[in-house]
Amino acid sequence: MRRQDDVSIEAAGPAAPVATAAAGTRWWWLNGPSFAERLAAAGNRPAGFDYLRLLLSTLVIVTHAVGVAYGVGETLRVFGGAWRPAVALILPMFFALSGFLVAGSLERCRSLISFLGLRLIRLVPALAVETFAAIVIGAIFTTLPLTEYFSSPLFRQYFLNILGVVQFLLPGVFLGNPWSGLVNGQLWTLPWELYCYLIIAGITALGLLRREDRALATILIVHAVIFVIYVLIRRHQPGVTVSGPVLILCFLYGIGVYLFRKRIIWSKALFALALAATLLGLSVPGGDYLIALPCAYLTAFLGLTSPRRSWLVSSGDYSYGLFLYGFPIQQAVVATFGAGQSWWANAAISWCLAFALAFLSWHLVEKNAMKLRPRLLATEASLLARLPAPDAFTGWLRSRRVLTALAVVLVAAAATGTYLALRKPAENFPLLARLAVINAHIGEADPDYVFIAGDSNAEMINATHRLCGRNVVNAGISGAKMTDMNGHWATFAFTKKPGSIVILIGTNDLHRKRKPTQPKYLDAFERNADRLIASAAALSTKVFVAAVPPAEPGMIKYYEPAAVVALSERLKRACDRHACTFIDPFAGTRDGTEGFAKPDSTHDGIHVRSYRDAMASVEAQICS
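Residues numbered from 1 in each chain as written. Predicted model: local features only at pLDDT ≥ 70, side-chain atom pairs only at ≥ 80, totals over all residues. Heavy atoms only, no water.

Draft legend 1. Looking closely at the state of the cysteines. For the structure shown, the criterion picks out two disulfides. Paired through a disulfide, C468 and C623 show a sulfur-sulfur distance of 1.8 Å. Where C468 bonds to C623 through sulfur, the torsion about that S-S bond is close to -95°, and the disulfide is left-handed. In this pair, C468 is assigned in the loop between helix 21 (456-459) and strand 2 (472-476) and C623 in helix 26 (residues 619-623), connecting sequence segments 155 residues apart. Since its relative accessible area comes to 23%, C468 is described here as partly exposed. C575 shares a disulfide with C580; S-S distance 1.8 Å. For C575, a relative accessible area of 0% corresponds to the buried category. In the chain, the cysteines engaged in disulfides, taken in order along the sequence, are linked 1-4, 2-3. A disulfide-free cysteine, C196 has its sulfur positioned 9.2 Å from the sulfur of C250, the nearest such atom. With no disulfide partner, C295 has as its closest neighbouring cysteine sulfur the one in C250, 4.4 Å distant. (Disulfide = S-S within 2.5 Å. Helix = DSSP H or I, 4+ residues; strand = E, 2+ residues; numbered from the N terminus. Buried < 20%, exposed > 50% of the residue type's maximum accessible area, 1.4 Å probe, protein only.)

Right, dumping it as structure tokens:
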């Protein structure tokens, strides 16, 4: 999360006094001012939101300290049990707070031009600074020579963070830390925040926020759809924190609370009930998807308090900077002082350093970026002046209902396509953990070790079975296709170069849905094979590429047997160009030359029964 400066409530405009919403009620716990009255009493800028943002940003650093100091496993152990509700509440509150404040900002803006423009002005400059700062930190702590660091594809890809396409890794950085390799784990929420802005822009463009009943119906429909998909169909299992869809719901309900601020009572009793309901929801299966409303209430309740402002909140908004810079600094602190430090020491040191950077970021970058606001508003006014008058435009739309409906469909399709194009598996912690294990094994391997890379056929090889009397580092990653393996290769930290490299890849490229026998697919596969083999040849003069293993006839529904032969031929061609050795560990399991496996030669139709025997059949070639 983050914080929007101009999203502060001060822009909610002058709020006329509203009659106490609970006046005359028989229930004492519903007595109290409305949220709108609390806003008006604080001059539309209650200090509670400033303190709440700062507190939540600090808690993000504190909770990350456990994983940074002790590793992901300890995070799961500590926060996966009784502490889970308290820790999982942090991000939902951040998003609910954002929804409440952004709704106020949207209400003030003349159009989506200024609304989205202000979001960019507020978020992107500091994000760009964080990206460059992390790159500098990476250059200090990388285990690679700086020439390799700056020439790595991972280094170039890291700049995509500025566009909201999150990249977690930098080449050779923080590989020895307990939370190995992760540079900016806090940014996994950034894409979900961008989705929230796209959603609110879309429903605003469709006029669904102009009336309270439409807004409420929209929120409830979205909530129902997400609940059905993730709870009833996918049966999503929660982790330490909540999922992205839950964050979207909290954002939407934050908007709803703002829209209904004249009707909602600021009540300590309701706050207690909302807090209890939220913590209970975070404690039970499926409950994550029911917390959005109570979470939004308790967040707005706390934000509408009016404690005395201190210098800490009156001199600037440092919460966004704390959130952005905290995690890389925490990793740098561990890399500097060693993994033996306590979590609280890491949190304390890192908070001070992150606050110093946040202070500089606010006064040198973020505050100055907000000076672009008058120019943005002038541009908006100029653009709106060239558009038809709203009444004329509305009449044109009404007279062309078919075109209007088509436009809505096209906009929805474009939005969906954009979402699918930008969507990344930002929280693929199993893959990150697997990469960390591989890099740790590389660091501990004896000289001249054998490096085995590929898909599940590689991962199933028992690394304790030595090849040629040497250590084996198993870098197999289940589910990897050829294109995936090239990406994974860039994350391997070859602090020690292998004596031999064995590549087993191609099974996941066989799937029928990929239409693997098409010439264009085979050509792309061969090009990627060229790239992968070239990367391996740059590390070792002994590179071995295995033929694609066969599949049993019962798997023909899923896999294309003809592609086994075609892909193997492309692998051999690529291997010949790089003077590597083409091997076939699976020759004993093949039933003819059409890509089928012998009956009962696999344990699941695609994986051979004995990888020890398969590797023994080619050990002489590898060891020669």
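Draft legend 2. Layout of helix 2 (residues 47-70). Here helix 2 contains 24 residues, and its C-alpha end-to-end distance of 36 Å stays within 8% of the 34 Å for a straight helix at 1.5 Å per residue. Approximately 30° is the largest bend angle found in helix 2, and it occurs at H64. Where burial is concerned, most of helix 2 is hidden: 18 out of the 24 residues are buried. In the segment just after helix 2, G71 is the residue with positive phi, at about 110°. (Expected span 1.5 Å × (residues − 1). Bend = angle between axes of the 7 residues up to and from the residue.)

Draft legend 3. Quick look at the sheet that holds strand 1 (residues 450-454). If you trace the five strands from one edge of the open sheet to the other, you get 2-1-3-4-5, paired in parallel fashion. Looking at the sheet topology across the chains shown, the edges are occupied by strand 2 and strand 5 (581-583). Pairwise comparison of adjacent strand axes, ignoring direction, gives a mean angle of 20° for this sheet. Set on the sheet, helix 24 (residues 561-577) makes contact with strand 4 (543-546) and strand 5; between it and strand 5 the angle comes to about 160°. (Pairing = 2+ DSSP bridges. Axes fitted to C-alpha atoms, helices over the stretch in contact; angles between N-to-C directions. Contact = heavy atoms within 4.5 Å.)

Draft legend 4. Quick look at the packing of helix 5 (residues 90-108) against helix 11 (residues 244-259). At a minimum axis distance of 7 Å, the contact between helix 5 and helix 11 shows a crossing angle of 45°. By the criterion of interaxial angle, the relationship of helix 5 to helix 11 is oblique. Handedness of the crossing formed by helix 5 with helix 11: right-handed. Each of L91, P92, F95, A96, S98, G99, F100, V102, A103, G104 and E107 in helix 5 lies in contact with helix 11, whose residues at this interface are L247, C250, F251, G254, I255, V257 and Y258. For the contact of helix 5 with helix 11, the class distribution of residues is 13 nonpolar, four polar and one charged. (Parallel < 35°, antiparallel > 145°, perpendicular 65-115°, else oblique. Left-handed = near helix turned anticlockwise from the far one by under 90°. Nonpolar A, V, L, I, M, F, W, Y, C, P; charged D, E, K, R; others polar.)

Draft legend 5. Molecular detail of the environment of L298. Structurally, the position occupied by L298 is in helix 13 (residues 292-303). Separated by 26 residues in sequence, L298 and A272 have C-alpha atoms that sit 8.1 Å apart. If we ignore the near neighbours within four places in the chain, the residues touching L298 are M93, F271, A274, L275 and T278.

Draft legend 6. Main features of helix 6 (residues 112-141). Counted at 1.5 Å a residue, the expected span for helix 6 with its 30 residues is 44 Å, and the 42 Å between its end C-alpha atoms agrees. In helix 6, a bend of some 25° at V124 exceeds every other bend along the element, and P125, a proline, comes one to four places later. Measuring from the backbone nitrogen of I113 back to the side-chain oxygen at the start of helix 6 gives 3.1 Å, which picks out S111 as the cap. (Polar contact = N/O pair within 3.5 Å; in protein donor to acceptor, adjacent residues only side chain to side chain.)

Draft legend 7. Representation of a nonpolar patch on the surface. Together, I221, V225, V228, I229, L232 and I233 give the surface a local cluster of nonpolar side chains, amounting to about 520 Å² of exposed area. Assignment of secondary structure puts I221 in helix 10 (residues 212-233). The exposure class of I221 is exposed, given its relative accessible area of 53%. (Patch = residues over 30% accessible without salt bridge, like charges linked within 9 Å, V, L, I, M, F, W, Y side chains within 5 Å. Areas by Shrake-Rupley, 256 points an atom, 1.4 Å probe, with all protein chains shown as cover. Salt bridge = Lys/Arg side-chain N within 4 Å of Asp/Glu carboxyl O.)

Draft legend 8. Spotlight on the pattern of salt bridges. Evaluated as defined, the whole model comprises 19 salt bridges. Across the pair E212 and R263 runs a salt bridge, and its minimum N-O distance is 3.0 Å. Of this pair, E212 sits in helix 10 while R263 is found in the loop between helix 11 and helix 12 (268-281), placing the two residues 51 residues apart along the sequence. Among the residues examined, E212 registers a relative accessible area of 30% and is labelled partly exposed. The partner of R570 in a salt bridge is D523, with the nearest N and O atoms 2.8 Å apart. A residue pair is termed long-range when its members are at least 10 positions apart, and R570 in helix 24 and D523 in helix 23 (residues 519-537) qualify at 47 residues.

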